[in-house]
Amino acid sequence: MRLQTALHRRFRGDGGLEFVYVATSAAILGLDADTAAIVDAFAVPGGRDDEAWLADRPDRAAAATALHDLIDLGVVRPVGEPAPPRAQLPPMPFPLATLVLNVTNKCNLSCTYCYEYGEDRLTDGTGSKGAGKPKMDDDTARQSIDFLLRSSGDRPQVSITFFGGETLLNFPAIRAAVEYAEAKAALLKKRVHYSLTTNATLLTDEVIDFLTQHRFGITISIDGAKEEQDRHRTFQKGVGSFDVVEPRIRKLLARNKERKGRTVGARVTLTSGAAPVPATYRYLTQELGFDEVGFAPVTAGLGREYALGEFGYQKLLREFGELAEDYVAAALRNEDHGFANLGDLLRELHQGVNKAHPCGAGLGLLGVSTEGDLNLCHRFVESKSHQVGTVATGVDEAVRTAFLQKAHVDQKTDCTQCFARPLCAGGCYHEAHVRYGDATHANLHYCEWIRGFVDLGLSVYGRILSRNPRFFARFETS
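Throughout what follows, the structure given in this document is the object of discussion. (Residues numbered from 1 in each chain as written. Predicted model: local features only at pLDDT ≥ 70, side-chain atom pairs only at ≥ 80, totals over all residues. Heavy atoms only, no water.)

What follows concerns the environment of Pro 469. Checked against the element boundaries, Pro 469 lands in the segment after α15 (447-467). In sequence terms Pro 469 and Asn 334 are 135 residues apart; their C-alpha atoms lie 9.4 Å from each other. (Helix = DSSP H or I, 4+ residues; strand = E, 2+ residues; numbered from the N terminus.)

By the criterion of burial, strand β9 (residues 191-198) is predominantly enclosed, with 6 of the 8 residues buried. On the question of chirality, the crossover connecting strand β8 (residues 157-163) to the parallel β9 by way of helix α5 (residues 171-188) is right-handed. In this sheet, strand β10 (residues 217-221) lies alongside β9 in parallel orientation, the contact comprising 4 bridges. Opposite Thr 198, over in β10, you have Ile 220 as the bridge partner. The handedness of the β9 to β10 crossover, carried by helix α6 (residues 205-213), is right-handed. (Buried < 20%, exposed > 50% of the residue type's maximum accessible area, 1.4 Å probe, protein only. Right-handed = clockwise from strand over helix to strand, strands pointing away. Pairing = 2+ DSSP bridges.)

With that settled, consider helix α8 (residues 242-258). Residue pairs spaced three or four apart in an α-helix point in one direction, given the helix's 3.6 residues per turn. Over its 17 residues, α8 runs 24 Å from end to end, which matches the ideal 24 Å to within 8%, given 1.5 Å per residue. Listing the buried residues of α8 in full gives Phe 242, Val 245, Glu 246, Ile 249, Leu 252, Leu 253 and Asn 256. Take α8 and look down its axis: the buried residues cluster within an arc of 135°, on one side only. Residues Asp 243 and Glu 258 are exposed on α8 and point more than 90 degrees away from its buried face. (Expected span 1.5 Å × (residues − 1). Arc of directions from axis to C-beta.)

Pairing in this open sheet of 3 strands is antiparallel, and the strands run β5-β1-β6 from one edge to the other. Taken across any chain shown, the strands that pair with only one partner, and hence form the sheet edges, are β5 (48-49) and β6 (76-78). Running over the sheet, helix α3 (residues 60-72) touches β1 (2-5) and β6 and is turned about 80° from β6. (Contact = heavy atoms within 4.5 Å. Axes fitted to C-alpha atoms, helices over the stretch in contact; angles between N-to-C directions.)

With that out of the way, let us pick up the packing of helix α11 (residues 340-351) against α15. For the pair α11 and α15, the least separation of the axes is 10 Å and the interaxial angle reads 70°. The pairing of α11 with α15 is recorded here as roughly perpendicular in orientation. In contact with Asn 341, Leu 342, Leu 345, Leu 346, Leu 349 and His 350 of α11, α15 contributes Phe 453, Val 454, Gly 457, Leu 458, Val 460, Tyr 461 and Ile 464. Tallied by class, the residues present in the contact of α11 with α15 amount to 10 nonpolar, 3 polar and no charged. (Parallel < 35°, antiparallel > 145°, perpendicular 65-115°, else oblique. Nonpolar A, V, L, I, M, F, W, Y, C, P; charged D, E, K, R; others polar.)

Let's shift gears to the pattern of salt bridges. Tallied over the full model, the rule gives 29 salt bridges. Here Glu 81 makes a salt bridge to Arg 77, at a shortest N to O gap of 2.7 Å. For Arg 77, a relative accessible area of 28% translates into the label partly exposed. Lys 315 serves as the salt-bridge partner of Glu 319, at 2.6 Å between the closest nitrogen and oxygen. (Salt bridge = Lys/Arg side-chain N within 4 Å of Asp/Glu carboxyl O.)

Just geometry here; none of it tells us what the structure is for.
Structure, rendered in structure tokens:
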């Protein structure tokens, strides 16, 4: 029988330890000298005859046992073996876990790269004026809560995320929604978690007190120190926002720490010419005091001057590698590190995440527009072509299911032979829509970036696992 290794990626830890990441199962296996030799032997085009290979082994019995173990683990498989049946969608309707309420489609900033109101917007709005109703009213917010609770099935807890525009432009709706959710969830014996994304310009004492009192998970959109922040994140008259947000952020972080609140994270949009990632990270954590920082390459159509081209992604990967060294050093001391991108990747690797879809959009997560329309996620609110229902009438399950079937990674032929497929599944729907006009299209423009980042994550995983495996206990699930 001819055998061949399954789609995989080899990587090393410290001390010469070797590992293999098996893309078909998302499993990570340690290799000794014998099993590493077997993977090498059968990683050839067209495979190799197992009997011919075994005949040349000095200890045939031991080699056969090791080979059969790798076959059982899915690392080595018969050549031409039919692919396993396409993974089906979970039973539908799938219970919701998270609802993102876009409580306003207006913003008090005019960020150059904004995907919602900038050049790549999905609506007819211009500047900071979105299409449709400017703010969600309290009745729609409460109706959204009712929809989430009745659509969550037997889930003991659900999450509500508030978004915009600038979310805090409609603080009254946030307050009304939280107070209503607390009362309704208590009757159903469910627990509600809250989160919010803001540009920090409207963080008053009243708002800070409310958010910390209700243990919000808070993400602040900020691109770094003053010069970096003011390059793109300006008010409508072109004035930079740093001097306004910096004291408000410090006050929030101090109050949240006093109350032992949840993590407050910074979200940095990376554009062409941005400051180095390690410097931005250290400023945001060491100078301002954020708990963690996540970096997101800008979503931009072709030709945008702020877009990251091929060389921009290469530079970004090098800088991620530099910051990863700090992460490894912290992990070897068994300490947390706030590099959110790498932390999330290591968690997924450790838990063996094997995605059929790139995220929960349209599945366990939906976005709600100011008018109560349901969309795939918050990035698609007000896009009628991506609407899947309303909070009043519920989800159009036929539309939802058809999208999820088309968006399944098995339908993306470009992803078939990519070792990063279990972690990427083709990439962000909104990014795909901006680049290709089709939310279900694989994001081919950043495939090399994703593979490079996954390679970095595998290397870091191997190095930490080799020297301090107990670090990964924080990623264990009950």
